[in-house]
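Each chain, written out:
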Amino acid sequence: MRSSGFRRTCTAAIASALALTGLAACSSDSGNDANGKTQFTVNCEPPKSAKIDRKSFEDDIATFKKANPDLDLVAHDAFPCQDPKTFDAKLAGGQMENVFYTYFTDAQHVIGINQAADITSYVKDMKGYSDIQQSLRDVYSKDGKVYGVPRTNYSMGLLYNKKLFTQAGLDPNKPPATWEEVRAAAKKIAALGNGTVGYADYSAQNQGGWHFTAEMYSQGGDIVTPDGKKGAVDSPEGKAVLQNLKDMRWADNSMGTKQLLILNDVQQMMGSGKLGMYISAPDNIPILVKEKGGNYDDLALAPMPGGKGTLAGGDGYMFKKKDTPAQIKAGLKWLEAQTNTPGSGLNDWKRASELKAPVGLPEPRLWTGATDAKDQELKKQYANVPVANYQPFLDGSQQLTLKLEPPQAQQIYSVLDGAVSAVLTKKDADIDQLLKDAQSKIDGILARG
């Protein structure tokens, strides 16, 4: 999921507010600096500790300023790009950057509390904007008005170990397409013995609820009702998710005995070559190789089993409510170069390949049409990972319904953690009762808003 050169003396009152919100510098509402240039701030510059990413970002700023001498871009570094502890306070205090980073799940909240600028009349002139997938543009829109620009997106799929598939007598080029096939493959992989686990899942620190949601979407179910007012987990789809996990854990013994796993646990298992499958976004793959001992050749990705849907997410940029028209235009010009042009900024695949960053992963896939075609062409040209391993994911995910996280996601995930952990740690867990209790608690969370 930055220190800038901008220095200005703040009043004591503003300095106090900045200390509370964690903002490192002040900005002027006028949008003009001492030289008469349009000044605007952006966040999410990589921290100094990420030397390669930091230098690339600074190089992009230098290129942008040279091409736009009338604009004065000031970047603020941040890690993570958004701190949930200070995000709302910065918005309410007017201390947010002119162009600020948000998760998809933040967008409607920011719009709802009237803290985002309406950029509808400006974004039509942004190169490539109309090629961004409509479902992603909708994340930052409401009532026909546009309030932000998507930056990256992801969706969940089934990450699997081709080497273990081969050893278990499975076809590594035909990954499971249904949860029944996942269960059958997991059983064969676990039968290899020597501590090998067929399928693993999270069940702690809200991560179990997150994966339950993805698996629910894959079955065609939902976590809340369409109006967002009631829970929807006590359903045939919810029961199918928990029953499948319970069967793999206790009837098949294909999930291992160690449970209450979180992300790092499962990544360690996969990286060490002892795990057959888990659900994941593509961004796990380089982590498994660089940090957990995995091998790109062994790691492949398939679409979510079930064929009906998948959990999707991503991030983007919004604009401060008090931004001037000149600042909005300047910010969009920066985003056009930095996030929305194949071969430039974050999408400079030639530079990424030269810096030994992975090129050729199946996501993000932000665009459609000519812009997407250009991006895919460049990725193919500079690919340094086995792209054939991800082709099933690319082909199959296009047919799935992409669904975002539910409202009050983290609170709901905490509730669902309990249901997932119960079926994985208690052989006699009552699935019907677990779902009934979870739905009641989710109803309470949604009622409180």
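(A) Geometry of the pairing of strand β7 (residues 157–161). Most of β7 is tucked away: 5 of the 5 residues are buried. As paired strands, β7 and strand β9 (residues 275–280) are joined by 4 bridges and run antiparallel to one another. Counted as the bridge partner of L159 is Y278 from β9. Judged from the 5 bridges that link them, β7 and strand β10 (residues 299–303) form a sheet pairing that is antiparallel. Residue pairing in the sheet places L158 in a bridge with A302 of β10.

(B) A look at the confidence of the model for the protein. Within the protein, residue pLDDT values average 91, and 93% of them lie at 70 or more. Under a pLDDT of 50 for its full length, residues 1–28 has, in the predicted model, 49 contacts with residues more than four places off or in other chains.

(C) Local environment of the state of the cysteines. Tallied over the full model, the rule gives 1 disulfide. In this model C44 forms its disulfide with C81; the gap between the sulfur atoms is 1.9 Å. Taking the sign of the S-S torsion, about 55° here, the bridge from C44 to C81 comes out right-handed. Of this pair, C44 sits in strand β1 (residues 38–45) while C81 sits in the loop between β2 (71–77) and α3 (84–92), placing them 37 residues apart in sequence. Overall, the relative accessible area of 4% leaves C44 in the buried class. Exposure remark for C81: the relative accessible area of 15% places this residue in the buried category.

(D) Looking closely at the pattern of salt bridges. Counted by the stated rule, this structure contains 15 salt bridges. The salt bridge partner of D247 is R183, with a shortest N-O separation of 3.5 Å. Note that D247 is positioned in helix α10 (residues 236–251) and R183 in helix α8 (residues 179–190), a separation of 64 residues in sequence. Its salt-bridge partner being R365, residue D372 comes within 3.1 Å of it at the nearest N-O pair. Given the relative accessible area of 22%, R365 is considered partly exposed. If you follow the salt bridges from partner to partner, you end up with E45, R54, E58 and D77 in one network.

(E) Structural detail: the nonpolar core. The biggest cluster of nonpolar side chains holds 49 residues, and the ones touching the most others in it are Y199, F212, I223, L245 and M277. The leading source of residues in this core is helix α17 (residues 409–425), at 8 residues. Grouped together as the second largest cluster of nonpolar side chains are 44 residues, F87, M96, A116 and Y147 included.

(F) Expanded view of the packing of α10 against helix α18 (residues 431–448). Running from amino to carboxyl end, α10 crosses α18 at an angle of 135°, the nearest separation of the two axes being 10 Å. If you check the angle between α10 and α18, you find them oblique. The crossing of α10 and α18 is right-handed. Only I431, D432 and L435 of α18 make contact with α10, whose side of the interface consists of G238, K239, L242, Q243 and K246. Across the contact of α10 with α18, the residue classes break down as 3 nonpolar, 2 polar and 3 charged.

(G) Seen up close, the sheet that holds β10. Strands sit in the order β8-β9-β7-β10 across an open sheet of 4 strands; the sheet is mixed. Of all strands in the sheet, those bounded by a partner on one side alone are β8 (197–199) and β10. In this sheet, neighbouring strand axes are inclined to one another by 25° on average, regardless of whether the strands run parallel or antiparallel. Lying on the sheet, helix α11 (residues 263–271) is in contact with β7, β8, β9 and β10; it crosses β9 at an angle near 140°.

(H) The environment of K274, seen in detail. Relative to the helices and strands, K274 resides in the loop between α11 and β9. In this structure, the C-alpha to C-alpha distance between K274 and P69, residues 205 residues apart in sequence, is 55 Å. K274 has contacts with L164, N194, G195, T196, V197 and M269, leaving out every residue within four places of it along the chain.

(I) Structural context of the pairing of β10. Buried residues dominate β10, accounting for 5 of its 5 residues. Burial of β10 is two-sided: the residues L299, L301 and P303 facing one way and the residues A300 and A302 facing the other way are all buried.

(J) Spatial organisation of the side chain of R137. Along the chain, R137 falls in helix α6 (residues 134–139). A distance of 3.3 Å separates a polar atom in the side chain of R137 from the backbone oxygen of S130. Looking at R137, its side chain comes within polar contact range of the main-chain oxygen of I132, at 2.9 Å.

(K) Here's a closer look at the packing of helix α2 (residues 51–67) against helix α13 (residues 325–338). As a packed pair, α2 and α13 sit with axes 11 Å apart at the nearest point and diverge in direction by 125°. Taken as axis vectors, α2 and α13 run oblique relative to one another. Crossing geometry of α2 relative to α13 is assigned as right-handed. Listed contacts from α13 to F57, D60, I61 and F64 of α2 are A330, K333, W334 and Q338.

(L) Layout of helix α4 (residues 104–112). Three or more residues of α4 are buried, namely F104, D106, A107, V110 and I111. One side of α4 carries all its buried residues, which in axial view fall inside an arc of 135°. Buried positions along α4 lie against α3, β3 (99–103), α6, β4 (141–142), β6 (148–155) and β11 (309–319).

Cut-off values and rules
- Residues numbered from 1 in each chain as written.
- Predicted model: local features only at pLDDT ≥ 70, side-chain atom pairs only at ≥ 80, totals over all residues.
- Heavy atoms only, no water.
- Buried < 20%, exposed > 50% of the residue type's maximum accessible area, 1.4 Å probe, protein only.
- Helix = DSSP H or I, 4+ residues; strand = E, 2+ residues; numbered from the N terminus.
- Pairing = 2+ DSSP bridges.
- pLDDT = per-residue confidence, 0-100.
- Contact = heavy atoms within 4.5 Å.
- Disulfide = S-S within 2.5 Å.
- Salt bridge = Lys/Arg side-chain N within 4 Å of Asp/Glu carboxyl O.
- Core = buried A, V, L, I, M, F, W, Y, C linked by side-chain atoms within 4.5 Å.
- Axes fitted to C-alpha atoms, helices over the stretch in contact; angles between N-to-C directions.
- Parallel < 35°, antiparallel > 145°, perpendicular 65-115°, else oblique.
- Left-handed = near helix turned anticlockwise from the far one by under 90°.
- Nonpolar A, V, L, I, M, F, W, Y, C, P; charged D, E, K, R; others polar.
- Polar contact = N/O pair within 3.5 Å; in protein donor to acceptor, adjacent residues only side chain to side chain.
- Arc of directions from axis to C-beta.

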